[in-house]
Amino acid sequence: MSSIFKLISLSNPMATYSSRTPPYDLENSTSYTPIPDKPAASFAPAGHWRSKKLFAGILVSSFLLLSLVLLFVNQQPDPQTKVNGTNQEDSSTPKSISPTARTSPPSRGVSQGVSDKTFRLAGGENVTYAWTNVMLSWQRTAYHFQPEHNWMNDPNGPLFHKGWYHLFYQYNPESAVWGKISWGHAVSKDLIHWLYLPFAMVPDHWYDINGVWTGSATILPDGQIVMLYTGDTYDAVQVQCLAYPANLSDPLLLGWVKYSGNPVLVPPPGIGVKDFRDPTTAWLTPDGYKWRITIGSKFNKTGISLVYETVDFKSYDMLDGYLHAVPGTGMWECVDFFPVSMTEVNGLDTSVNGPGVKHVLKASLDDDKNDYYALGVYDPFENKWIPDDPELDVGIGLRYDYGKYYASKTFYDQITQRRILWGWIRETDSEDDDVLKGWASVQSIPRTVVFDQKTGSNIIQWPVSKVEELRSESVEFDNMKLGPGSIVPLRADTPSQLDIVASFEIVKEAFEGTVESNVDSSYSCPTSGGAANRGKLGPFGIIVLADETLSEGTPIYFYVTANGKAETHFCADELRSSEASDVAKVVYGSKVPVLDGEKYSLRSLVDHSIVESFAQGGRRVITSRIYPTKAINGAARVFLFNNATGVSVTASGKIWNMISADIRRFPFNQL
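Attention now moves to the packing of aromatic side chains. All told, the structure shown has 34 aromatic pairs when counted by the stated rule. Ring centres of phenylalanine 504 and phenylalanine 540 lie 5.8 Å apart, and the angle between their planes is 55°; on these two criteria the pair is classed as tilted. Of the two residues, phenylalanine 504 sits in strand β26 (residues 497–506) while phenylalanine 540 sits in strand β28 (residues 540–546), which places them 36 residues apart along the sequence. Like phenylalanine 540, phenylalanine 504 is buried. Ring-pair connections join several aromatic residues into one group, and the members of that group are Phe145, Tyr169, Tyr171, Trp194, Tyr196, Phe199 and Trp422. If you follow lysine 437 out to its NZ or CZ, it ends over the ring of tryptophan 439, 4.2 Å from the centre. Taking NZ or CZ as reference, arginine 471 lies 3.6 Å from the ring centre of tryptophan 656, over its face.

Now for the sheet that holds strand β34 (residues 620–625). With antiparallel pairing, the six strands of this open sheet are ordered in space as β24-β36-β26-β32-β33-β34. Looking at strand neighbours, the two that pair on one side only are β24 (471–482) and β34, the edges of this open sheet. Pairwise comparison of adjacent strand axes, ignoring direction, gives a mean angle of 15° for this sheet. The pairing of β26 with strand β36 (residues 649–658) spans nine bridges and is antiparallel. Its bridge partner being in β36, alanine 502 is matched across the sheet by glycine 653.

Further remarks concern unusual backbone geometry. In the segment running from asparagine 262 into proline 263, the intervening peptide bond is cis, with an omega of 0°. As for its placement among the helices and strands, proline 263 is situated in the loop between β8 (256–258) and β9 (283–284). Cis geometry marks the peptide bond from glycine 538 to proline 539; its omega dihedral reads 10°. With respect to the secondary-structure elements, proline 539 resides in the loop between β27 (518–519) and β28. Although it is not a glycine, asparagine 150 sits at a positive phi angle of roughly 75°. Tracing the sequence through the fold places asparagine 150 in strand β1 (residues 150–161). Of note in this structure, asparagine 383 is not a glycine but carries a positive phi near 55°. Note that asparagine 383 resides in the loop between β16 (370–379) and β17 (384–387). Its relative accessible area of 5% is what places asparagine 383 among the buried residues.

What follows concerns the environment of alanine 282. Mapped onto the elements of the fold, alanine 282 is located in the loop between β8 and β9. Taking the relative accessible area as the measure of exposure, alanine 282 reaches 3% and is therefore buried. Sequence separation between alanine 282 and leucine 220 is 62 residues; the distance between their C-alpha atoms is 9.3 Å. Aside from chain neighbours lying at most four places away, what touches alanine 282 is Thr218, Trp291, Arg292, Ile293, Phe313 and Thr350.

Position of threonine 218 among the secondary structure elements: in strand β5 (residues 212–219). Classification of threonine 218 by relative accessible area gives buried; the value is 3%. Reaching out from threonine 218, the side chain makes a polar contact with the backbone nitrogen of alanine 282 at a distance of 2.9 Å. Excluding anything up to four places from it in sequence, threonine 218 contacts Gln224, Ile225, Val226, Thr281, Ala282, Trp291 and Phe313.

Calculation notes
Residues numbered from 1 in each chain as written. Predicted model: local features only at pLDDT ≥ 70, side-chain atom pairs only at ≥ 80, totals over all residues. Heavy atoms only, no water. Phe/Tyr/Trp six-rings, centres within 6.5 Å; stacked < 30°, edge-to-face > 60°. Helix = DSSP H or I, 4+ residues; strand = E, 2+ residues; numbered from the N terminus. Buried < 20%, exposed > 50% of the residue type's maximum accessible area, 1.4 Å probe, protein only. Lys NZ or Arg CZ within 6 Å of the ring centre and 35° of its normal. Pairing = 2+ DSSP bridges. Axes fitted to C-alpha atoms, helices over the stretch in contact; angles between N-to-C directions. Contact = heavy atoms within 4.5 Å. Polar contact = N/O pair within 3.5 Å; in protein donor to acceptor, adjacent residues only side chain to side chain.

Dropping the structure here:
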């Protein structure tokens, strides 16, 4: 081992290195071994898709590239109004960014066969808001992972290697909009503090020239790392490609080699050339000799997961049938497939199966941009996964997150025996606003995933424990009684960065008197009209990122209904989260199981424009993406509230101020 890597392995640069600029440009440096820039002579895809003439493809690509460059140049804000650039004005002085006539932005990604990456208001409204630098600067998070600049989407190939957690992610090095997708790369000792590294891979070969898309890592028993990813070819065909570390002894995995025989898989007969993407982590067959992966696709409007078998990750056999298929769910992206223990609290390696094990099958639905999962049983001999409850099948039942959360991916942390989940938190403001900010999108706080042994019907998601080390000063409240229509302010020194834990109890006598009657039995969070609409048994909860007059605020709350038995809804109301007109403002939520003897409990991680909320210990999760204009910095407030008409509730809990995570460039100049 070199002296550099000895130093890395024995110290913690997160705590000791300065943030001075490295001696080279991280965003423009690549570190894998180049290989030939054209299809191999033996590659004959004619049976799967029609290749266009290379010359014509180059002409079309050149024309499109020129058009995108011109578009990008025209979209750049006036230097005086940059938020993240070197010409940024003093953010302490609010300055309005004058609205301009706005045309509907072009659809980004659809022409290449992936979901539209451009946020659009419902109904296609073409509106704008006069944002200030202060407002836009405030939106950047303090302890969620995001790049220094530009666009980010799906998390890719997370893994742990020689003392470091690695996160790869879809990244556009040129703009805050989707395009020229490369693999960004960062490392961490604890999943909270991160160091940016040079790109792992960029689109520079015929089979991925239109994008190095989503992929997954598999760690083999001998420690080798295999990375499978989707490449978008020069003629817009989705193919699967293989890459691996250039130097496995390097803890930082700075170098990556693209396999000279790429692509290793092309769309099979009957599958569209734009409907074949996002390979999973591989798992071993029962004989321990072969590996299997699954890839998302569709047949007409039926979402499907294809299964391939391999010995060496270079040659593959497609198995008959599908791992699973659900009619009406459309294209399955970013499929994930992994086991959970029914009896233990730890995670499981992806290859584990047998008694006491359930398998989670998850798909990101291209049609509605949500991540759905179901629990079931995997039969490796029949190559079938069967859901426990067909009414809660993939795409029609449970979701990882009922807010703005997509393209998620798990990995098994072999050191701590945890199954850890990453997810992409999309923007819900306008593309023009993102260009003004100079960045777009955030990764969620990593979450552990386990089987819910109490309900037996869902998983539990919870923020990794290391995030609690960011907690600082705290305020507690205990058995605070909230009568119908009550709202009570809570003290928070840093209201834009909080960890809030709260529990609520309905006064027993009032509750028992209403549960047998029909009380709001048709209630649904998304159609409810939000926390302003009152019922006998709700809503009650907290309001975060509110201004003093409550003209802005985001309630996170419970709403109890009854029709012979009580049912609980967990909701997040964005309807009054911002006075801006060019952002999404909706109500998210779903029913959540509350078992006998349990209080109504929630936890909310507030980090500027992100609020991740967990109900009943993580049975349901809602991620809110909000853009206040008033409730920012010191003007933000936190409240407890009970807007029920028929019951009082008591509230107890604790609020911690959260310090910022250390997220910066790796200090190569310190080594």
